[in-house]
Amino acid sequence: MVSLYFLRPRRLSHALSATSSACSLRSLCHSSGGNYPSQQPDPPPSCRPPSVVASICSMVRDAHHKHAHLRASPPRLGLNVDCDSLTREQAVTVVASLANEAGSMVALGFFNWAIGSDKFRHFMRLYIVCAASLIGNGNLERANEVMQCMVKSFAEIGRLKEAVDMVLEMQNQGLVPTTRLMNFVLEVAIERGFLDYAGNVFDYLSERGVCPDPNSYKLMVVAYCRIGSILEADAWLSKLIDRDFVIDNATLTLITNSFCEKGFMNRAIWYFRKTADLGLTPNVLNYTSLINGLCKKGSIKQGFELLEEMVRKGWKPNVYTHTALIDGLCKKGWSDKAFRLFLKLVRSENYKPNVHTYTAMISGYCRENKMNRAEMLFGRMQEQGLIPNTNTYATLIDGHCKGGNFERAYELIGIMTDAGFSPNICTYNALINGLYKRGRFGEACKMLKKCFQSGLEADLFTYSILINEQCKRASIEQALALLSRMIKLAVQPDIHIYTIMISALCKQKRMKESEKIFEEAIRFGLVPTKETYTSMIGGFCRDGNANIAIKFFHRMSDHGCVPDSITYCALISGLCKESRLKEACRLYNLMIDKGLSPCEVTRLTLAYEYCKADESANALLILERLENKLWIRTVNTLVRKLCSEKKVGMAALFFHKLTDKENRVDRVTLAAFMTACYESNKYALLSDLTKRIREGNGCHSQLI
């Protein structure tokens with residue numbers, strides 16, 4: 001039988017309809033079907049006592065009549081029959097006879113009894129004959145249930161695809177698969193990790209008239225969300241929304257958490273609003289999950305706006321809602337604002353801060369190196385009867401490590417151990433990271449070894465620390481080896497690790513490798529950040545490939561990234577190196593229009609390149625858009641640069657503009673101009689400038 005796993009739906013249709021199928025229903029009904037090769041076949045019919053089938057049929061009928069009040073479903077039979085004494089052929093004959101003579105429910109009663117035995121549970125022909133008999137009786141609903149049993153039983157022994165293929169072939173025998181059967185197959189396939197296969201079954205059955213319901217799509221969405229494949233989840237969710245199906249609150253919470261965690265914040269918000277438009281009323285958990293996502297992203301204002309919305313709609317925020325906001329404020333460095341919200345929670349009669357709330361607040365103080373306040377809260381929570389957990393200890397230890405107080409960090413490890421908490425990987429990460437940053441490499445390596453000896457395994461942050469350290473030392477090969485190792489060990493790198501790696505490769509102008517890693521991150525469903533793109537753009541510009549840098553610049557919007565002044569400056573610098581001044585000037589004006597301030601290097605580079613091209617008027621034009629203070633600073637630097645290049649005439653032009661705008665003359669700039677004039681024998685230019693300083697517009701000029 002051709003497996004769905006290797007075929008897309010159109011090919012699958014052809015395979016299933018082929019009369020030459022090696023495992024066709026006809027051949028199955030005349031063989032031992034579900035047996036393994038090592039099992040002995042049943043004896044031929046001529047060797048069996050003819051009364052066995054009749055006796056069992058009679059027993060089943062009698063047992064069924066005793067449960068006449070359960071006619072809505074087949075009864076659980078307690079037959080006084082030894083399964084070992086009953087052959088597979090006899091079991092098949094009993095099912096067929098009962099269905100023909102006593103009806104579907106009686107046949108199902110025996111069928112359910114038989115598959116309760118290991119001997120018959122994985123005997124495929126029993127399922128096929130039972131389903132075919134029920135189809136013959138016109139009982140398609142029960143036939144579908146038998147197929148569900150077969151799928152479940154054979155999935156237990158790794159033969160899911162074989163069972164599903166047989167279900168699909170049963171359509172040729174009159175089986176009409178139901179939505180319930182399809183959902184059951186999807187659920188079993190997903191449980192065993194066959195998500196692509198589940199998608200193939202979905203497509204195949206949909207094309208043949210089975211109508212998916214909201215649960216069909218939900219199964220696929222939830223499955224992809226749980227493994228972090230957001231792009232696939234988004235595709236299935238879009239199909240669900242297109243059909244105006246509504247998900248439940250629990251699914252919305254999962255979607256929101258998964259999308260936010262992977263950086264698809266805008267998409268999470270869109271689905272939150274769309275599901276509400278379709279009729280779902282978001283509850284406290286839905287709002288809290290989105291507020292948490294916004295706060296983790298740093299969108300605190302949006303988080304509080306959502307809080308106000310949920311209150312307007314009659315929902316009361318709980319301790320987890322407040323904890324998400326407190327954590328977000330702390331991560332922004334606004335611990336004072338966070339503490340005011342924390343105090344409101346303390347004074348609340350309904351909700352009190354829990355361990356997570358205290359840990360978030362302690363973390364905020366640790367980030368700002370306010371260790372006395374962190375220790376105060378640590379003591380306060382214990383006074384309130386709350387027991388610090390491993391994360392609380394790890395957070396406090398991390399704060400002390402960042403401050404260089406390793407003595408207190410080691411003391412806290414002893415306290416948590418005495419309290420019955422073993423240091424986890426987060427605790428060791430804090431110590432290792434702190435030791436590396438303080439240059440205590442030997443001690444950090446010993447701590448890493450101790451961590452692994454205690455049975456812990458490196459997590460995402462551990463690899464992030466190690467890869468970052470190798471990149472700082474320019475040990476790119478070691479960093480790449482660590483990246484490869486974590487992928488092999490199923491530790492999925494996040495975009496932060498990829499950005500570290502890309503930045504290091506770009507600095508060494510290894511652009512092919514950096515581009516490969518960039519695309520790999522996208523294949524894993526990660527969303528490049530502004531920093532990721534800026535590293536790529538800067539790398540290509542340094543490598544003299546401004547065209548590719550421009551392509552990456554335009555790709556930023558695909559992932560919701562907005563270029564900042566660093567991004568613009570990197571690209572402008574690259575364009576200037578290739579003497580593409582018109583494009584550089586257009587970008588320069590665009591960034592100023594967007595309210596971004598170009599750095600001094602960019603201002604100077606662009607103006608100087610125009611001067612090199614003997615286009616001083618354009619240089620003046622781009623500088624005129626600057627604030628007066630920035631203009632003066634840039635022109636002073638430009639004059640010195642031109643003087644160092646012996647472009648004295650051009651330097652004089654800008655110096656004159658400088659004296660027109662500023663009555664104070666920079667001593668360093670004047671000294672550089674005087675030196676350049678003397679070395680170039682341009683005494684007349686120096687004399688003219690001196691005169692301008694002493695007379696006319698410069699009559700009040702002072703040296704600074």
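Residues numbered from 1 in each chain as written. Predicted model: local features only at pLDDT ≥ 70, side-chain atom pairs only at ≥ 80, totals over all residues. Heavy atoms only, no water.

(A) Representation of the overall build of the protein within the structure. Looking only at helices and strands, one finds 39 helices and two strands in the protein. Scored against the burial criterion, the 704 residues of the protein give a buried share of 51%. In the protein, 66% of the contacts between residues at least 6 apart in sequence involve partners at least 24 apart. When the accessible surface of the protein is summed, it comes to about 34200 Å², and 51% of that surface belongs to carbon and sulfur atoms. (Helix = DSSP H or I, 4+ residues; strand = E, 2+ residues; numbered from the N terminus. Buried < 20%, exposed > 50% of the residue type's maximum accessible area, 1.4 Å probe, protein only. Contact = heavy atoms within 4.5 Å. Areas by Shrake-Rupley, 256 points an atom, 1.4 Å probe, with all protein chains shown as cover.)

(B) Looking closely at the nonpolar core. Among the nonpolar cores identified, the biggest contains 229 residues, and F110, I467 and F654 are the most heavily contacted of them. If we skip the residues at most four places from it in the chain, F110 touches I56, V60, L77, L79, L86, A91, V94, V95 and L98. (Core = buried A, V, L, I, M, F, W, Y, C linked by side-chain atoms within 4.5 Å.)

(C) Focus on helix 37 (residues 648–661). Between its terminal C-alpha atoms helix 37 stretches 20 Å, which fits the 20 Å expected from 14 residues at 1.5 Å a residue. Those residues of helix 37 lying buried are V648, M650, A651, A652, F654, F655, H656, L658 and T659. At its buried positions, helix 37 is contacted by helix 34 (600–612), helix 35 (616–624), helix 36 (628–644), strand 1 (664–665), helix 38 (667–680) and helix 39 (683–694). (Expected span 1.5 Å × (residues − 1).)

(D) Region of interest: the packing of aromatic side chains. Considering all chains together, one arrives at 24 aromatic pairs under this definition. An angle of 35° between the planes, with centres 5.6 Å apart, marks the rings of F110 and W113 as tilted. Of the two residues, F110 and W113 both sit in helix 5 (residues 104–115), three residues apart, roughly one turn of that helix. Each member of the pair, F110 as well as W113, is classed as buried. Relative to Y287, the ring of F272 lies with its centre 5.3 Å away and its plane at 70°, an arrangement referred to as edge-to-face. Taken together, the residues F272 in helix 15 (residues 265–277) and Y287 in helix 16 (residues 284–297) connect sequence positions 15 residues apart. (Phe/Tyr/Trp six-rings, centres within 6.5 Å; stacked < 30°, edge-to-face > 60°.)

(E) Local environment of helix 39. Look at helix 39: 17 Å from first C-alpha to last across 12 residues, which is about the 16 Å you get at 1.5 Å a residue. Within the span of helix 39, buried status applies to L686, L689 and I693. The arc that holds the buried residues of helix 39, viewed along the axis, is 65°, so those residues lie on one side. Summarising the geometry of helix 39, the exposed residues directed more than 90 degrees from the buried face are A684, K691 and R694. In this structure, the buried side of helix 39 is in contact with helix 37, strand 1 and helix 38. (Arc of directions from axis to C-beta.)

(F) A look at the environment of R408. As for its position among the elements, R408 is in helix 23 (residues 406–418). When the C-alpha atoms of R408 and L396 are compared, they prove to be 9.6 Å apart, with 12 residues separating the residues in sequence. With residues near it in sequence (within four places) discarded, R408 still touches E375, H400 and I415.

(G) Region of the structure containing the side chain of R121. Within the fold, R121 resides in helix 6 (residues 118–121). Engagement of the side chain of R121 in a polar contact is seen with the side chain of E156, the distance being 2.8 Å. Residues contacting R121, with those up to four places away along its chain left out, are I115, Y127, S153, F154 and E156. (Polar contact = N/O pair within 3.5 Å; in protein donor to acceptor, adjacent residues only side chain to side chain.)

(H) Inspection of the side chain of S464 at higher detail. Tracing the chain through its elements places S464 in helix 26 (residues 460–472). Setting aside chain neighbours within four positions, we find S464 in contact with H496, I497 and I500.

(I) Layout of the pattern of salt bridges. Summed over the entire model, instances satisfying the criterion amount to 33 salt bridges. With a shortest N-O distance of 2.8 Å, E583 and R580 are connected by a salt bridge. R580 gets classed as buried once you look at its relative accessible area, which sits at 19%. What you see here is one network of salt bridges that share partners, running through D336, E368, K370 and R373. (Salt bridge = Lys/Arg side-chain N within 4 Å of Asp/Glu carboxyl O.)

(J) Unusual backbone geometry, seen in detail. One non-glycine residue, N369, adopts positive backbone phi at about 60°. With respect to the secondary-structure elements, N369 resides in the loop between helix 20 (355–367) and helix 21 (371–383). Although it is not a glycine, A474 sits at a positive phi angle of roughly 65°. Topologically, A474 is positioned in the loop between helix 26 and helix 27 (476–488).

(K) Up close: the packing of helix 38 against helix 39. At a closest axis distance of 8 Å, the pairing of helix 38 and helix 39 adopts a crossing angle of 150°. Of the possible angle classes, the one that applies to helix 38 and helix 39 is roughly antiparallel. Contacts between helix 38 and helix 39 involve L670, F673, M674, C677 and Y678 from the first element and Y683, L685, L686, L689 and I693 from the second. The class makeup of the residues in the contact of helix 38 with helix 39 is 10 nonpolar, no polar and no charged. (Axes fitted to C-alpha atoms, helices over the stretch in contact; angles between N-to-C directions. Parallel < 35°, antiparallel > 145°, perpendicular 65-115°, else oblique. Nonpolar A, V, L, I, M, F, W, Y, C, P; charged D, E, K, R; others polar.)

(L) Representation of the confidence of the model for the protein. Summing up the model confidence of the protein, the mean pLDDT is 86 and the portion of residues at 70 or higher is 90%. pLDDT under 50 marks residues 45–49. Its contacts with residues more than four places away, or in other chains, come to five contacts. Considering only residues more than four positions removed or in separate chains, one finds that residues 697–701, a stretch of pLDDT under 50, has nine contacts. (pLDDT = per-residue confidence, 0-100.)

(M) Region of interest: the state of the cysteines. What the rule picks out here adds up to zero disulfides. The closest cysteine sulfur to the non-disulfide-bonded C130 is located on C149, 8.8 Å from its own sulfur. For C130, a relative accessible area of 1% translates into the label buried. (Disulfide = S-S within 2.5 Å.)

(N) Local environment of the environment of D336. Secondary-structure assignment places D336 in helix 19 (residues 335–347). Residue classification places D336 among the partly exposed residues on the basis of a relative accessible area of 42%. Sequence spacing of D336 and G364 is 28 residues, and the spatial spacing of their C-alpha atoms is 9.3 Å. Separated by 3.4 Å, the side chains of D336 and R373 make a polar contact.

(O) The arrangement of a positive patch on the surface in detail. Among the surface-exposed residues, K507, K509, R542 and K577 lie close enough to one another that they form a single positively charged patch. With respect to the helices and strands, the residue R542 is situated in helix 30 (residues 530–542). According to the relative accessible area criterion, R542 is partly exposed, its value standing at 37%. (Patch = residues over 30% accessible without salt bridge, like charges linked within 9 Å, V, L, I, M, F, W, Y side chains within 5 Å. Lys, Arg positive; Asp, Glu negative; His and termini not counted. Charge placed at Lys NZ, Arg CZ, Asp CG, Glu CD.)

(P) The arrangement of the packing of helix 11 (residues 195–207) against helix 12 (residues 214–226) in detail. Remark: helix 11 packs on helix 12, axes separated minimally by 11 Å, with the N-to-C direction vectors making an angle of 160°. Taken as axis vectors, helix 11 and helix 12 run roughly antiparallel relative to one another. The two elements helix 11 and helix 12 cross, and the hand of that crossing is left-handed. Within the contact between the two elements, helix 11 uses L195, D196, A198, G199 and F202 and helix 12 uses S216, Y217, M220, A223 and Y224. (Left-handed = near helix turned anticlockwise from the far one by under 90°.)

(Q) View of the environment of L489. Mapped onto the elements of the fold, L489 is located in the loop between helix 27 and helix 28 (495–507). The exposure class of L489 is partly exposed, given its relative accessible area of 49%. In the structure, L489 is positioned 31 residues away from A458 in sequence and 9.8 Å away in space, judged by C-alpha atoms.

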